[in-house]
Amino acid sequence: MEPVSYVDVEIQQGIYFLTLNRIEARNALDAKMLAEIEGALDEAEKNQDVKVIVVQGAGGKSFAAGADIKQLQARKPLEALVPGMQGLYKKIENCSKVTIAAVEGYALGGGCELALACDIRIATKNAKFGLPELNLGIIPGAGGTQRLSRIIGKGRALDMILTGKIIDGEEAERIGLVSYYVERDKLKEKIEEVASQVMRKGPVAIQLAKHAVHKGYDLDMETALWIEKLSQAVAFGTEDKQEGTTAFIEKRQAEFQNK
Ligand code: HXC
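Residues numbered from 1 in each chain as written. Predicted model: local features only at pLDDT ≥ 70, side-chain atom pairs only at ≥ 80, totals over all residues. Heavy atoms only, no water.

Caption draft 1: Summary view of the overall build of the protein. What the protein contains, in helices and strands, is 11 helices and 10 strands. On the principal axes, the C-alpha backbone points of the protein span a range of 60 × 45 × 35 Å. A burial count over the protein gives 43% of its 259 residues as buried. In the protein, the share of contacts with a sequence separation of at least 24, taken over all contacts with a separation of at least 6, comes to 67%. Put simply, the protein shows about 14000 Å² of open surface, and 55% of that area lies on carbon and sulfur atoms. In the protein, 34 side chains carry a positive charge and 37 a negative one; their mean positions are 2 Å apart. (Helix = DSSP H or I, 4+ residues; strand = E, 2+ residues; numbered from the N terminus. Buried < 20%, exposed > 50% of the residue type's maximum accessible area, 1.4 Å probe, protein only. Contact = heavy atoms within 4.5 Å. Areas by Shrake-Rupley, 256 points an atom, 1.4 Å probe, with all protein chains shown as cover. Lys, Arg positive; Asp, Glu negative; His and termini not counted. Charge placed at Lys NZ, Arg CZ, Asp CG, Glu CD.)

Caption draft 2: Structural context of the domain arrangement of the protein. One can read the domain layout of the protein as domain 1 (7-199) and domain 2 (203-249). Just the C-alpha atoms count here: the centres of domain 1 and domain 2 sit 26 Å apart. In this assembly, 11 residues from domain 1 lie in contact with eight residues from domain 2. Summed over both sides, the interface between domain 1 and domain 2 buries roughly 820 Å², with carbon and sulfur atoms accounting for 46% of that surface. On inspection of domain 1 and its partner domain 2, the count reaches two salt bridges. (Domains from an automatic or database assignment. Buried area = accessible area lost by both parts, 1.4 Å probe. Salt bridge = Lys/Arg side-chain N within 4 Å of Asp/Glu carboxyl O.)

Caption draft 3: Helix H5 (residues 144-152), seen in detail. Buried within H5 we find Gly-144, Arg-147, Leu-148 and Ile-152. For H5, the arc enclosing every buried residue in end-on projection is 105 degrees, short of the 170-degree limit, so these residues lie on one face. Check the buried side of H5 and you find it contacts helix H3 (84-94), helix H4 (110-117) and helix H6 (154-163). Positive backbone phi, at 95 degrees, marks Gly-153, one or two positions downstream of H5. (Arc of directions from axis to C-beta.)

Caption draft 4: Representation of the side chain of Ser-231. Residue position: Ser-231 is located in helix H10 (residues 221-236). Aside from chain neighbours lying at most four places away, what touches Ser-231 is Leu-208 and Ala-212.

Caption draft 5: Spotlight on the sheet that holds strand E8 (residues 128-130). Read from one edge to the other, the open sheet built from four strands follows the order E4-E6-E8-E9, with strand pairing classed as mixed. Taken across any chain shown, the strands that pair with only one partner, and hence form the sheet edges, are strand E4 (62-64) and strand E9 (167-168). Two elements, E8 and E9, share two bridges in a ladder whose sense is antiparallel. Across the sheet, residue Phe-129 finds its bridge partner in E9, namely Ile-167. Strand contacts of H4: E4, strand E6 (106-108) and E8, with the helix running at about 90 degrees to E6, the strand carrying the most contacts. (Pairing = 2+ DSSP bridges. Axes fitted to C-alpha atoms, helices over the stretch in contact; angles between N-to-C directions.)

If you want it as structure tokens, here you go:
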């Protein structure tokens, strides 16, 4: 019998845990799961109590093994032109909250691309990253050709994409694909540590900084620096800026109000 949902959600102290749960198929991303991820994302986006979204895979063996290959097999050329998975991942990148991918086990194809769309990546030692799409006669089509190059550099991205090689968590950290790699039993602790560091910042400043990086990255330096300037002008007008600077001078912890 088909389970009610392929995505579990839970909110714990400002962290929205979005857990992919289709263990029997290594959390492969079929249309149902993608729609559920989008629904959860919309819900998290609207909830003012949510500061950080953590995307993870249930079962410990797989974050996500990519697009559902059985569904993929039936797709026609024009179906690749709809926003689909690429559109969803763009939405994740554009999300106003900070997103963290917590990767245990396989993050392959569209699963790896999902992690690449998040702001911060944490991997366990048993993580396995790869873009093996060429083995199927297709290419990484959910942002992988672009985001991987931007994150680890064109040479390394071409190597991973053209050979389809799979790298572990330690190698992923070495080449900058993830920011942290930890023992499996330390993953929750690391997620909470990173999320709590983020949550101590002012939400307005978080959004401005995140979007200045994402939007500016694809622009010429001049325009990108202008975006940075304008974003800073907005930050200068906030109560949070007054609070942050006052707290420093008064030698106390800042209490940001998202104003
Ligand atoms: C559909 C999948 C699947 C997938 C695994 N399964 N990955 N089903 N789509 N992507 C299913 C298997 O068919 C099998 O179902 C069950 O999950 C367990 O898989 P096994 O292969 O038996 O497990 P294991 O030996 O542990 O190997 C795990 C694995 C391997 C290394 C992750 O399953 C694998 O290589 N999967 C495919 C990875 C891949 O090529 N991803 C890229 C997809 S293309 P049954 O019913 O037999 O138990 C893509 C394109 C994105 O992502 C861009 C599109 C726009």
